[in-house]
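Each chain, letter by letter, is given below.
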Amino acid sequence: MADVVIYSTQTCTYCHRAKQLLEMKKIPYTEIMIDEDDQKKEEMIKKSGRRTVPQLFIKGVSIGGCDDLYELDRTGKLDEMLAR
């Protein structure tokens, strides 16, 4: 599994934006679709404490959603987290 995991759905605009940033930065990620998998949805909620998508994890640490990912990138902290 990649260092970055994203829980997402097919129709989520924020999910697409988050994946777009990861792809632009050439950061490999594992995508877990929760559209039709209640077990994966419950897994996401249990791990993150949140019900919204996307939910992103870097090296097992919950970082939140799309806006949180962009903020980490803007401040340079995304690269720092991935370099550890």
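Shown above is the structure to which this text applies.
Reading the values: rules and limits
- Residues numbered from 1 in each chain as written.
- Predicted model: local features only at pLDDT ≥ 70, side-chain atom pairs only at ≥ 80, totals over all residues.
- Heavy atoms only, no water.
- Helix = DSSP H or I, 4+ residues; strand = E, 2+ residues; numbered from the N terminus.
- Buried < 20%, exposed > 50% of the residue type's maximum accessible area, 1.4 Å probe, protein only.
- Arc of directions from axis to C-beta.
- Contact = heavy atoms within 4.5 Å.
- Pairing = 2+ DSSP bridges.
- Axes fitted to C-alpha atoms, helices over the stretch in contact; angles between N-to-C directions.
- Parallel < 35°, antiparallel > 145°, perpendicular 65-115°, else oblique.
- Left-handed = near helix turned anticlockwise from the far one by under 90°.
- Salt bridge = Lys/Arg side-chain N within 4 Å of Asp/Glu carboxyl O.

## What to know about unusual backbone geometry
Thought 1: That bond from Val53 to Pro54 is cis: its omega, 0 degrees, falls within 30 degrees of zero.
Thought 2: For Lys59, which is not glycine, the phi dihedral falls at a positive 50 degrees.
Thought 3: Structurally, the position occupied by Lys59 is in the loop between strand E3 (55-58) and strand E4 (61-64).

## Focus: helix H3 (residues 66-74)
Note: α-helices contain 3.6 residues per turn, so residues at a spacing of three or four share the same orientation.
Thought 1: Among the residues of H3, Cys66, Leu69 and Leu72 are the ones counted as buried. The buried residues of H3 occupy an angular sector of 125 degrees when the element is viewed end-on, so they sit on one face. Of the exposed residues in H3, those oriented more than 90 degrees away from the buried face are Asp67 and Arg74.
Thought 2: Those residues of H3 hidden inside the fold are in contact with helix H1 (13-24), E3, E4 and helix H4 (77-83).
Thought 3: A positive phi of about 85 degrees marks Gly76, the residue just after H3.

## Focus: the sheet that holds E3
Thought 1: As summarised here, the arrangement of the 4 strands in space is E2-E1-E3-E4, forming an open sheet in which the pairing is mixed. Only two strands of the sheet have a single partner each, and these edge strands are strand E2 (29-33) and E4. The mean inter-strand angle of the sheet, taken between neighbouring strand axes irrespective of direction, is 25 degrees.
Thought 2: Most of the contacts of H3 go to E4, to which it runs at about 100 degrees, and overall it touches E3 and E4.

## Considering the packing of H1 against H3
Two numbers describe a pair of packed helices, the interaxial angle and the distance between the axes.
Thought 1: With their axes 9 Å apart at the nearest point, H1 and H3 run at an angle of 25 degrees to one another. What the angle tells us is that H1 and H3 run roughly parallel. When the axes of H1 and H3 are compared, the crossing they make is left-handed. Side by side, H1 and H3 meet where Tyr14, Arg17, Ala18, Gln20, Leu21 and Leu22 of the first sit next to Cys66, Asp67, Leu69, Tyr70 and Asp73 of the second.

## Concerning the pattern of salt bridges
Thought 1: Per the stated rule, a full pass over the model turns up 6 salt bridges.
Thought 2: Between Arg74 and Glu71 there is a salt bridge, with its nearest N and O atoms 2.6 Å apart. In this pair, Arg74 and Glu71 both sit in helix H3, 3 residues apart, roughly one turn of the helix.
Thought 3: One continuous salt-bridge network, built from bridges that share partners, spans Lys25, Asp73 and Asp79.

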